[in-house]
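# Topology and contacts: notes
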Amino acid sequence: MEEDNEKLREKLERLEAEILERKREVERYRSIIEHQSELICRYLRDGTLTFVNDAYCRFFGMTREELIGSDFKNLVPEQDRQQIENMIDGMSEGMTFFAVEHRVFKPGGKIGWQVWSNRPIFGDRGDILEYQGVGHDITARKEAEEALQKSVDYYEKQVEDTS
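## Looking at the overall build of the chain
When helices and strands are tallied, the chain shows five helices and five strands. Along the chain, helices and strands appear, N-terminal first, in the series α-β-β-α-α-α-β-β-β-α. For 163 residues, the compact-globule estimate of 2.2 N^0.38 gives 15 Å, and the C-alpha radius of gyration of the chain, at 24 Å, exceeds that figure by more than 25%. Buried positions account for 28% of the 163 residues belonging to the chain. Put simply, of all contacts in the chain between residues at least 6 apart along the chain, 38% involve residues at least 24 apart. Per element, the accessible surface of the chain, about 11300 Å² overall, is 52% carbon and sulfur. Considering the chain, the positive charge centre built from 24 side chains and the negative charge centre built from 35 side chains are found 2 Å apart.

## Description of the side chain of threonine 48
Structurally, threonine 48 is set in the loop between strand 1 (39–43) and strand 2 (49–52). Reaching out from threonine 48, the side chain makes a polar contact with the side chain of aspartate 46 at a distance of 2.7 Å. Sequence-distant contacts of threonine 48, defined by excluding residues within four places in its chain, comprise Arg42, Tyr43, Gly69, Ser70 and Asp71.

## As for the sheet that holds strand 4 (residues 111–122)
Whenever strands of a sheet pair, they do so through backbone hydrogen bonds, lying parallel or antiparallel. Within the open sheet, the five strands sit side by side as 2-1-5-4-3. Their pairing is antiparallel. In this open sheet, the two strands that pair with only one neighbour each are strand 2 and strand 3 (98–105). The average undirected angle you get between the axes of adjacent strands in this sheet is 30 degrees. Pairing of strand 1 with strand 5 (residues 128–137), which is carried by five bridges, proceeds in the antiparallel orientation. In the strand pairing of strand 5, tyrosine 43 is matched with tyrosine 131. The strands that helix 5 (residues 139–162) touches are strand 3, strand 4 and strand 5; relative to strand 4, the one it contacts most, it runs at about 130 degrees.

The rules we used
- Residues numbered from 1 in each chain as written.
- Predicted model: local features only at pLDDT ≥ 70, side-chain atom pairs only at ≥ 80, totals over all residues.
- Heavy atoms only, no water.
- Helix = DSSP H or I, 4+ residues; strand = E, 2+ residues; numbered from the N terminus.
- Rg over C-alpha atoms; globule rule 2.2 N^0.38 Å.
- Buried < 20%, exposed > 50% of the residue type's maximum accessible area, 1.4 Å probe, protein only.
- Contact = heavy atoms within 4.5 Å.
- Areas by Shrake-Rupley, 256 points an atom, 1.4 Å probe, with all protein chains shown as cover.
- Lys, Arg positive; Asp, Glu negative; His and termini not counted.
- Charge placed at Lys NZ, Arg CZ, Asp CG, Glu CD.
- Polar contact = N/O pair within 3.5 Å; in protein donor to acceptor, adjacent residues only side chain to side chain.
- Pairing = 2+ DSSP bridges.
- Axes fitted to C-alpha atoms, helices over the stretch in contact; angles between N-to-C directions.

Next comes the structure, spelled out in structure tokens:
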């Protein structure tokens, strides 16, 4: 009986140590995700957000509670939504990754630009449970491209006018 109790104690200690290690591992991964500068989210096929990291919240000036359960496409201007929906439909039909650039509403109503890499998250039976996106703010790049194009157009017009 004493020997059985000792074996049970040892097994319990091993299990407790394993649980503690798993908790540490979860916290380590959570810390990595939360301290990224990239925007990270998970969402359902209809666009309903199921997870957002701190960077996502900061970019949009919203709390996690305000974002989870909302449709991320509401943060995207109407004219860019169809492109996103087409990409999600494509992933549902077998595509395993897509990247997309699109405009977004920034706090205060300003328009910004983001680039997103998206992939499906599969269940045990191969069905899509949700999607994961990793995004970057590319507003400064898009503004620089626009300014450069305006400059090129201006100088081309100057050359045309002198010809």
